[in-house]
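Structure assessment
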Amino acid sequence: MKDIFLSLEVLFRPRGIRRRDVSLVIMKKKIGNMTGYIMILPVVAIISVFTIYPLFYAIKTSLYEILLARPFLRPYVGYGNYLEVIKSYYFFKSLLNSLVYAAMCVFMVTVVGLGVSLLLNCRYKITNVLRIIIVVPWAIPFVVSGVMWKWIFNSSYGAFNGLLYSLGITDAYVSWLGHPLYAKICLAIAHAWKEIPFAAILFLAVLQTIPRELYDAVRVDGGTSWMAFKYVTLPLIKPVLLVVVIWETVIGFTMFDLVYVMTGGGPGDSTSLISWYTYAETFKFLNLGKGAALSILLALIVLAMIIIYLKVIRVEQVY
Amino acid sequence: MKRYLLILLTGLIIFGSVFFASAQEIELNFLGWSYGVETVRDNIAKFEAKYPNIKVNFTDVSWFDYHDIAVARFLGNTSTDVMYGSDHWLQEWAAAGWLVPLEDYFTKFVEYKKESAPYAIEGMTYNNKLYGLPYYADMVVFLYNKEMIKKAGFENPPKNLSELIEQAKVMKEKGICEYPLALCIGKQEGQSIEIFTSIVYSFKNGNMFDEKLNPLFQKDSGVYEALKFLYDAKNTYKILDPASLIWGEIDLVKSFGAGNHAFTFINKYNLAELNNPGVSKLAGQFSIALFPGETRSCVGFVRFYCMTKMGVNRGKDVVDAIGKFINYFGGKVDGQYNVVRRWSLEKGLGFAQLPLYNDPEVISAINQWGNVEVEEEQAKFARAKQGMTPFYGTWDIFMREQINKALLKDVSIEDALSASTKYWNELKKKYGM
Amino acid sequence: MLTLMHKKHWQKLIVYILSIVVFIFVLGPLVWIFLSSLQGEADLFVVPPNWIPKKITLDNYHYVFTGKIPESYEVKGLIRSRISQEARYIVPTIINSFIIAIFVMLINLAAASLAAYAFSRIKFKGKMPLYIYILTSRLLPAMAIAIPFYFIVNSLNLLDTKFSIISVHCVYTLPFSTWFLTLYFGEIPKDTEDAALVDGCNHYQAFWYVLLPIALPGLSAACAFSFVFSYSDFLFPLLMTQTLKSKTMSVLISSLSNNPDVSYALISVCVVLAVIPLLFIGFFFRNYIIKGMTIIIK
């Protein structure tokens, strides 16, 4: 690869490179331009080919009614699929479910993540050890996390039930994944288990940049730790807090892996998130047009959410 | 000179026959779900021993994902020549052109129809053509725990659903068990609709759809009564285990086998496992009775071996091999339904091939864990599922959700059923039926 | 009024208790799965669970590696022997996942670092719009392009190949790597390369000989991120792989967990085997990863 670059470069290298004059500067700028474009070419090319084309394909598919079990008839329906999706029995319910789930995740990850980072910020031997192992869950895929927690929450033999039973908190095993609300909470716990390290490390990085003098100032003025937290820590970590909130919202809203592995969308449809239906429309209901329409809608919704968030951040920054 | 020629000739013959033989070796790709893998592998080994030039590659996947995985394989043209099928997907896959009628390629298979139970034949037929030979056929039957009934003070199992509720209430009061009734109606469990349909059939005039494929879910229908029964069992009398809504078959059988429940509706072969002293701690306590209800009717279903269009496209040799495979596994070899017989003797799987009921070994094997007379009588009342269409699978998933939601009190029974009716009619229109 | 000493002791106690709770929460599930993989299925189905395993057996691992079906009752299971062949595919699928992740990591290393160099050092027309274009492509939810991608790849007959998965993983890792490395390179002062440029090097030589050696920590972090993403990804392999030619670990694990004929002990074995590379990376690269994350927030 290096040789290709070198040979390309030879084409453009001007003679007498040690002489500094205007033409040389312009030439160098042109080289810079060309080099820049060449250097970013691989990334731009890969991204363009593999996102633009599928997007257009998806839009095209969404305009036709395509049912796999009825292969000979594919009429053009324009926005018909989109209307059907929006009017369907699951659209608003699953949007709501996805938002509730995302909210739960955001809450758990930010609050617990912040707590853990405060813990890690203390200088004790045990927290140093904790810092080493905290990265572990982040490296574990959602699928694996889902499998582990599904086993832990198992209604007949799970460790969680066993723990509650052994400690005498409950006197019978509870079917956690069988209850519409608890199932969502269990999903959120599996999600948070993996994401809390990520948030904690980010928060910790910020916490470590806060100068001690600010805390000392609060203490000198007679403030408690809580006031130190409220007036010193919180404002300074706000930017990172917002980043974590946005990130978790998008990840939680579009979560698919955990649902597939832990609950399959059940019980009823309480954990059927919107991305679950995108999958289901295509592979379970064999309706390709609606599946494509739903995925486009999902992309638009996520885009809208991010724009709203960015606007909020901009306001914050100005403030 | 002559000697050299002889050696050359011998060499050519040997080389030729080896080449010829290996060139004749055919590989079949067989897709199934993961039940009884050791037995399947052993059957395949015996098949390969009988037909040395056929090699079978068996891929097994989860029963819960089987539909999606099969569809993905069809769409992606991943080589699958012969596979398990089920009556509730047949219409969908045959209409999409993914499966082919066995009749068209193996005319002698039609003979088997005469010896098979009607509900099984119905389940393997599309457009009046036979698409498969049975792997196993079974019914959703009524199982109960004899000890628990005795403890509650009853002599016989309940004969209809109200008696069932009464007996369950007594058991709950006496503290014999917390949830006398348990089912596997989890959203992921393919049998949940079969179990529900069985309850529907148990009512007089209980039907899911009429001949014109219109849903019969109105207020006094069998469907309404069935859903109301489940709702009352769970919420009013609290005799139905709430975990039923997320359980698959195995979860239910484990819990039932541990002595946690007295009644269940599940496919018959599980009784063999429950009463097997080698594996079950409470073996002998479980028994089968006719399905409680006015009609004593229940659902009979069939899972079968079928051939794919992909297999056909591979050429005549492959089709022949597939024919041999399907006949070996689902048909008669040397006058005996060997593989089917083995499933029945070893695992208690039900069968649609009626002559096996006259086989003394089979009869005594069944009676070890079950009751042949009850089984045969129940088979007389077993009915195939209704509404088999290319979109039944799609509607099924929606219906499962609605049933669960109604039981969770998310929606009222009327709303759940009217939503289900609406969805069925929409699909019906789309598919031009 | 508590003295300072008392307060410090209380603090230490609370910190220790909370740390232990966090410890259990973070490591508990993994330890539990590991213990489950060493027991027979029958031993797992007890109420309440055996916190310390009563009987340890390696039969499950034996089955996965050699296919020998366990004979003992403890391992074979309660009601129906939950031994599916699927569990035996875990090692080939882990290898597949590994190979795919390595390729993705290498492509990321090459393409993203090059692009990051350009974005952070070179002025050229249209730099900002291109940068934003690359970043926003990351915002597309995977589900939106996954299904059309599936059909496109299918029509090209590239389904069930590692190549298609590597390509789509690159699409999802390159924007992040580019952005991350751009930030990272931005932290490194330009003077070092300017000296080289003045001495007659072109941009490529400056990049290769000067910047890369200094930037190794950041590059390691980018490698770790892209490897972990690719190895853990589930949605794309789910749609695009069918056979062991290209099936990945995540698809197999989810398939096993949904398979009623696979005992939880077997699933645990597969989970344990699957996370070993990840634990390895998480442990050895943790400093780079943490440093990397701190750069992001700046």
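No experiment lies behind these values; they were computed from the predicted model shown.

1. What to know about the overall build of chain C
Within chain C, the secondary structure is distributed over 15 helices and zero strands. Across its three principal directions, the C-alpha atoms of chain C cover 75 × 75 × 35 Å. Within chain C, buried positions represent 52% of all 298 residues. When contacts within chain C are restricted to residue pairs at least 6 apart in sequence, those whose partners lie at least 24 apart make up 76%.

2. Things to note about the overall build of chain B
Counting secondary structure elements, chain B contains 18 helices and eleven strands. At 24 Å, chain B has a C-alpha radius of gyration in line with the 22 Å of a compact globule built from 433 residues. Projected onto its principal axes, the C-alpha coordinates of chain B cover approximately 100 × 50 × 35 Å. Sorting the 433 residues of chain B into buried and exposed places 55% on the buried side. Of all intrachain contacts in chain B linking residues separated by at least 6 positions in sequence, the fraction that spans at least 24 positions is 74%.

3. Quick look at the packing of helix H9 (residues 222-236) of chain B against helix H17 (residues 392-407) of chain B
All names here are of chain B. Two elements in contact, H9 and H17, have axes separated by 9 Å at closest approach and are oriented at 40°. In this view, H9 runs oblique relative to H17, as classed from their interaxial angle. In the crossing of H9 with H17, the sense of the turn from one axis to the other is right-handed. Packed against H9, whose contacting residues are Leu227, Leu230, Tyr231 and Lys234, the element H17 presents Ile403, Ala406 and Leu407 at the interface.

4. Some words on the confidence of the model for chain C
Residue and element names in this part refer to chain C. Overall, the prediction assigns chain C a mean pLDDT of 81, with 91% of residues at 70 or greater. No element of chain C has a lower mean pLDDT than helix H4 (residues 73-76), at 48, and none a higher one than helix H5 (residues 90-121), at 89. The low-confidence segment residues 73-79 (pLDDT under 50) makes 29 contacts with residues lying over four places distant or belonging to another chain. For this predicted complex, the interface score ipTM comes out at 0.84, alongside a pTM of 0.81.

5. Brief notes about the interface of chain C and chain A
Opposite the 76 residues of chain C that make contact, chain A presents 79 residues. By residue number, the principal contributor to the side of chain C that touches chain A is helix H1 (residues 4-37) of chain C, which donates twelve residues.

6. A few points about the domain arrangement of chain B
Note: interface size is frequently given as the accessible area lost on complex formation between the parts. Residue and element names in this part refer to chain B. The domain boundaries assigned to chain B delineate domain 1 (27-138 + 301-367) and domain 2 (143-300 + 373-430). Each of domain 1 and domain 2 was reduced to a C-alpha centroid, and the two centroids are 27 Å apart. Tallying the contact residues gives 23 residues for domain 1 and 24 residues for domain 2. Tallying contributions element by element places helix H4 (residues 87-95) first for the side of domain 1 that touches domain 2, with seven residues. Looking at the side of domain 1 that touches domain 2 residue by residue, the class counts come to twelve nonpolar, six polar and five charged.

7. A short note on the nonpolar core
Counting 315 residues, the largest nonpolar core has A:Leu202, C:Ala115, C:Ala146, C:Ala224, C:Ile253, C:Cys270 and C:Val271 as the members making the most contacts within it. If one sorts the elements of this core by residue count, helix H9 (residues 180-207) of chain A sits on top with 17 residues. Discounting chain neighbours no more than four positions away, the residues touching C:Ala224 are C:Ile281, C:Phe285, C:Tyr288 and C:Ile289.

8. Examining the domain arrangement of chain C
All names here are of chain C. Its domain assignment divides chain C into domain 1 (4-85) and domain 2 (89-297). Summarising the inter-unit geometry, the C-alpha centres of domain 1 and domain 2 are found 32 Å apart. At the interface, 14 residues of domain 1 touch twelve residues of domain 2. Elements with a minimum of two residues in the side of domain 1 that touches domain 2: H1, helix H2 (41-44) and helix H3 (59-66). Per element, the largest residue contribution to the side of domain 1 that touches domain 2 is four residues, and it comes from H1. Its residues assigned to classes, the side of domain 1 that touches domain 2 shows five nonpolar, seven polar and two charged.

9. A word on the packing of H17(B) against helix H18 (residues 413-430) of chain B
Residue and element names in this part refer to chain B. Where H17 meets H18, the closest approach of the two axes is 9 Å, and the angle between their N-to-C directions is 170°. Put simply, H17 runs roughly antiparallel to H18. Between H17 and H18, the contacting residues are Thr394, Trp395, Phe398, Met399, Gln402, Ile403, Lys405 and Ala406 on the first element and Ile413, Ala416, Ala419, Ser420, Tyr423, Trp424 and Leu427 on the second. Residue classes in the contact of H17 with H18 are distributed as eleven nonpolar, three polar and one charged.

10. Quick look at the pairing of strand E8 (residues 263-267) of chain B
All names here are of chain B. The buried fraction of E8 is high, at five of five residues. Pairing analysis gives five bridges linking strand E7 (residues 132-145) to E8, with the strands arranged antiparallel. Looking at E8, one finds that leucine 143 is bridged to threonine 264.

11. What to know about helix H7 (residues 161-173) of chain B
Along an α-helix, a turn takes 3.6 residues, which lines up residues three or four apart on a common side. Residues and elements named next belong to chain B. Here H7 spans 18 Å end to end across 13 residues, near enough to the 18 Å set by a 1.5 Å rise per residue. Within H7 the residues assigned to the buried category are Leu161, Leu164, Ile165, Gln167, Ala168 and Met171. Looking down the long axis of H7, one finds its buried residues gathered within 165° of arc, a one-sided arrangement. Those residues of H7 that are exposed and aimed more than 90 degrees away from the buried face are Ser162 and Glu173. Packed against the buried residues of H7 are helix H6 (146-152), H9 and E8. Remark: glycine 175 follows H7 within two positions and exhibits a positive phi of approximately 75°.

12. Notes on the pairing of strand E1 (residues 26-33) of chain B
Residue and element names in this part refer to chain B. Buried residues dominate E1, accounting for six of its eight residues. For E1 and strand E2 (residues 54-61), the ladder comprises eight bridges, and the chain directions are parallel. Within E2, the position partnered with asparagine 29 by the bridge is asparagine 57. For the crossover from E1 across helix H2 (residues 37-50) to E2, the handedness is right-handed.

13. A few points about the environment of A:Val109
Residue and element names in this part refer to chain A. Along the polypeptide, valine 109 turns up in helix H4 (residues 91-121). When the 27 C-beta atoms within 10 Å are taken as the criterion, valine 109 is described as buried. Sequence separation between valine 109 and methionine 262 is 153 residues; the distance between their C-alpha atoms is 19 Å. When sequence neighbours within four positions are dropped, the list of residues in contact with valine 109 reads Ala192, Glu195, Ile196, Ala199, Val244 and Glu248.

14. Observations concerning unusual backbone geometry
Residue and element names in this part refer to chain B. In the Ramachandran plot, asparagine 205 falls in the positive-phi region, its phi being about 60° despite a non-glycine side chain. If you trace the backbone, asparagine 205 turns up in the loop between helix H8 (192-201) and H9. Judged by local crowding, asparagine 205 falls into the exposed class, with 11 C-beta atoms found within 10 Å.

15. As for the environment of C:Glu86
Mapping C:Glu86 onto the fold places it in the loop between H4 and H5. C-alpha separation for the pair C:Glu86 and C:Ile253, spaced 167 residues apart in sequence, amounts to 9.5 Å. The residues touching C:Glu86, leaving out its near neighbours within four places in the chain, are B:Ser34, B:Asp60, B:Val61, C:Ser255, C:Leu256, C:Asn259 and C:Val262.

Reading the values: rules and limits
- Residues numbered from 1 in each chain as written.
- Chains lettered and ligands numbered in written order.
- Predicted model: local features only at pLDDT ≥ 70, side-chain atom pairs only at ≥ 80, totals over all residues.
- Helix = DSSP H or I, 4+ residues; strand = E, 2+ residues; numbered from the N terminus.
- Buried ≥ 20, exposed ≤ 12 C-beta atoms within 10 Å, placed from the backbone.
- Contact = placed C-beta atoms within 7 Å.
- Rg over C-alpha atoms; globule rule 2.2 N^0.38 Å.
- Axes fitted to C-alpha atoms, helices over the stretch in contact; angles between N-to-C directions.
- Parallel < 35°, antiparallel > 145°, perpendicular 65-115°, else oblique.
- Left-handed = near helix turned anticlockwise from the far one by under 90°.
- pLDDT = per-residue confidence, 0-100.
- Domains from an automatic or database assignment.
- Nonpolar A, V, L, I, M, F, W, Y, C, P; charged D, E, K, R; others polar.
- Core = buried A, V, L, I, M, F, W, Y, C linked by C-beta atoms within 7 Å.
- Pairing = 2+ DSSP bridges.
- Expected span 1.5 Å × (residues − 1).
- Arc of directions from axis to C-beta.
- Right-handed = clockwise from strand over helix to strand, strands pointing away.

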